[in-house]
Amino acid sequence: MNQAQCKINTLARALRLQVINYLVKEDIFKYRGENLNDDDMAMTVQLIDRLPCCTRKLPELFRDAHRMHCEKGMMPHSVTVGDLEWCMEFRSIGYKCEQNVKYSWLPAPEETMLRRLPAFIQLDKIYRSTKKAIPPMASKHDVVSEANAIINELAISLTGN
Amino acid sequence: MTRRRSTIAKKVTFDMNEMAAHVYGMTDEELGKWMHKAIKDCIEGCIDPETDCFVKRMYEESYGKMQQKQKENANTYRNRLARQKNSGKPNHDKTNDPVLTTPSASGSCATLATTPMPISTNGTDAGAHSVRGTPDNAAPASNILQLDTSKKPYGTCGHVMLTEAEGHHLREVYGENLKTAIDILDAYIENNGKAAKKYKNHAAVLRKGNWVYEKVQNMILAQKRIDNVGNNHKSFKQMDRDERTRFFFDTSVVDRMIDNESSAM
C-alpha cells in the first residue's frame, strides 16, 4: 500500500470520527441534551463508529432517529446510541454498506458544516492535487484479496486448469 | 412609603430581660443557632411558620411602633405645611417631643427599648407625653424653607444654579460625571447669551433624558471605545458565535482516539 493510500485511509478514518463527533455535539446543542465529558464523548463516538452506516449517511441516520421519536409520539430529543442502533435494525434510509453508496466516506455536498471539518479540508486538498477521489481501502481488504488471489492460483495449479 | 423588610429588621428592639429568660438553659451552640435564625426571620419579616413566638412578638411590636412613628411624622409634616400657609398667625402649639428637640433623634439600629415611644396626642395632656407641634426653640418655618431653596452657582463660569437637594439628586443620576455635565451646561450658557433666559431651571436641563445627559453618555461611550481599541473587542454575538464554532469543531477527543488506535497498531 503506497503512502498516498495510507494517508487517505488515515484521513478518511479521522473524517468519520470527526463527523460523528460533530453530529453528537450538534444533537446535544439543539436538543439540550446532556453534556458529555471527554471520556463519555470518546465512548459514544466509538459506539456509533461500530454501526454499519457509511459516513455519508450518518446525518440522515440522526435525522431518522428524530423522525422515529416523533412517529412514536415523543417530543424529539437528544439521540442515544440505542436509538441509532434501533433505527439501523428496523428502519431503512437507503444504505446497506459502504460500497453501495457513492463517495460513502465523504459527507454530502449539502452538509456544509461537515465539509468544514479539518480532515475533509485535507482530503479535499489531496483530491484536488491528484484530480481523483481515491476511496479509502481497509488494510484487511488488501490482505484478504491477496489471500484470495493466492488460493485461486493454487487451485488452478492443483486442478491443472 | 412601604419599608423594606431589611429596613424594618434594623429597627426591631428586644427586651433584654425577657430574652434572657427565653434563652435560659440553652447551650452556646443552641444559642448561636437560635440567634442566627432569629436574625434571619427578622430580615425575612417573620413569614416562616416555624419562627420562634418570642421573636415574632418582638418583631410585630417593633413594626407596630414603626408604623405609629410614620403616622406621627406624616401628621407633623401636614401640620407644618398648614402652618406655612397661615404664616401670619401665631403658633400656639408646643411640644417637648424628644424627636424634634434632640439632634440625633432619627431611627437608628436595634437598641434597648428602655423607654416607651411618645404617643401622639393633639390634646392638652399635661403628662410626660408630647403634644404635636413645633418646639419652642425651633426656627420659624419660613426661614427653614428659604435655606432649603437657596440656589448656588456651579461650574467654571458659575452660570449653573442648583440647590443642595437638586445637587444631591443629580449626583445620584451622574455619579462621578456630574462635574462634566455641569461644565457642559455652564459652557453652553456662557457661549449663548439667550440660554441664560431660556433655561430657568438648570436642574431640569441636567436631568436624565435631556441633551446634557445624552451628551455625557456619548462621551463615556466614546471613551470606552478608545480604551478598547487595542483589545479587538468583539460584540457579544460574535463572541457567542466563535464559542459555538470552537465547541463544534473541537476535535481533541477524536485526535486522541486516533493516536490511541495508531499506537495500538
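What counts as what
- Residues numbered from 1 in each chain as written.
- Chains lettered and ligands numbered in written order.
- Predicted model: local features only at pLDDT ≥ 70, side-chain atom pairs only at ≥ 80, totals over all residues.
- Heavy atoms only, no water.
- Helix = DSSP H or I, 4+ residues; strand = E, 2+ residues; numbered from the N terminus.
- Buried < 20%, exposed > 50% of the residue type's maximum accessible area, 1.4 Å probe, protein only.
- Contact = heavy atoms within 4.5 Å.
- Areas by Shrake-Rupley, 256 points an atom, 1.4 Å probe, with all protein chains shown as cover.
- Salt bridge = Lys/Arg side-chain N within 4 Å of Asp/Glu carboxyl O.
- Polar contact = N/O pair within 3.5 Å; in protein donor to acceptor, adjacent residues only side chain to side chain.
- Nonpolar A, V, L, I, M, F, W, Y, C, P; charged D, E, K, R; others polar.
- pLDDT = per-residue confidence, 0-100.
- Patch = residues over 30% accessible without salt bridge, like charges linked within 9 Å, V, L, I, M, F, W, Y side chains within 5 Å.
- Phe/Tyr/Trp six-rings, centres within 6.5 Å; stacked < 30°, edge-to-face > 60°.
- Lys NZ or Arg CZ within 6 Å of the ring centre and 35° of its normal.
- Core = buried A, V, L, I, M, F, W, Y, C linked by side-chain atoms within 4.5 Å.

Points about the overall build of chain A
When its secondary structure is counted, chain A shows six helices and zero strands. In chain A, the succession of α and β elements from N to C terminus is α-α-α-α-α-α. Expressed as a percentage of its 161 residues, the buried residues of chain A come to 39%. Here the contacts in chain A between residues at least 6 apart in sequence split such that 68% fall between residues at least 24 apart. Of the roughly 10000 Å² that chain A leaves accessible, carbon and sulfur atoms contribute 55%.

A word on the interface of chain A and chain B
Interface size, as often reported, equals the accessible area lost upon joining of the parts. The interface of chain A with chain B comprises 18 residues on the first partner and 14 residues on the second. The interface formed by chain A and chain B contains three salt bridges. Of the charged contacts in the structure, one is a salt bridge between B:E261 and A:R13, with a shortest N-O distance of 2.6 Å. Linking chain A to chain B there are five residue pairs in polar contact (both at pLDDT 80 or more). Secondary structure elements with two or more residues in the side of chain A that touches chain B: α1 (3–30) and α2 (38–49) of chain A. The element contributing the most residues to the side of chain A that touches chain B is α1(A), with nine residues. Split by residue class, the side of chain A that touches chain B holds 10 nonpolar, three polar and five charged.

Observations concerning the confidence of the model for chain B
All names here are of chain B. Counting all residues, the mean pLDDT for chain B is 75, and 71% of those residues have values of 70 or more. Across residues 96–132 the pLDDT falls below 50, and counting only partners more than four positions away or on other chains, this stretch makes 51 contacts in the model. Under a pLDDT of 50 for its full length, residues 141–147 has, in the predicted model, three contacts with residues more than four places off or in other chains. Among the scores for the predicted complex, ipTM is 0.71 and pTM is 0.44.

Thoughts on the pattern of salt bridges
Summed over all chains, the structure comprises 21 salt bridges over all chains. The salt bridge involving B:R256 is made with A:D38; its shortest N-O contact spans 3.4 Å. Of the two residues, B:R256 sits in helix α13 (residues 252–264) while A:D38 sits in helix α2, which places them in two different chains. Given a relative accessible area of 41%, B:R256 falls into the partly exposed group. Of the residues examined, A:D38 reaches a relative accessible area of 39% and is grouped as partly exposed. Residues B:D183 and B:K179 are paired through a salt bridge, measuring 3.2 Å at the closest nitrogen-oxygen approach. Here B:K179 and B:D183 lie together in helix α8 (residues 178–191), a separation of four residues that amounts to about one turn.

Some details on a nonpolar patch on the surface
All names here are of chain B. Taken together, the side chains of L31, M35, I39 and I43 define a hydrophobic patch exposed on the protein surface, amounting to about 310 Å² of accessible area. Along the chain, the position of M35 falls in helix α3 (residues 28–44). Of the residues examined, M35 reaches a relative accessible area of 31% and is grouped as partly exposed.

Details of the packing of aromatic side chains
One pass over the structure, following the stated rule, counts 11 aromatic pairs over all chains. Measuring from ring centre to ring centre gives 5.6 Å for A:Y22 and B:F249, while their planes differ by 40°; the resulting arrangement is tilted. Separated into two different chains, A:Y22 in helix α1 and B:F249 in the loop between α12 (236–248) and α13 make up a pair that spans both. As far as burial versus exposure is concerned, A:Y22 and B:F249 are alike and both buried. Joined through ring pairs, the aromatic side chains of A:Y22, A:F29, B:F247, B:F248 and B:F249 make up one cluster. Here the guanidinium or amino end of A:R32 rests over the ring plane of A:F29, the centre of that ring lying 5.5 Å away.

Re the nonpolar core
A:L15, A:I48, A:L58, A:L61 and A:L84 are the most contacted members of the largest nonpolar core, which has 44 residues in total. Contributions of two or more residues to this core are made by α1, α2, α3 (58–71), α4 (81–90) and α5 (118–130) of chain A together with α13 of chain B. In terms of residues, this core owes the most to one element, α1(A), which gives 12 residues. The contact partners of A:L15, leaving out residues within four places of it in the chain, are A:W105, A:L106, A:P107, A:L117, A:A119, A:F120 and A:L123. Formed by 18 residues, the second largest nonpolar core is a distinct cluster that contains B:A203, B:L206, B:Y213 and B:V216.

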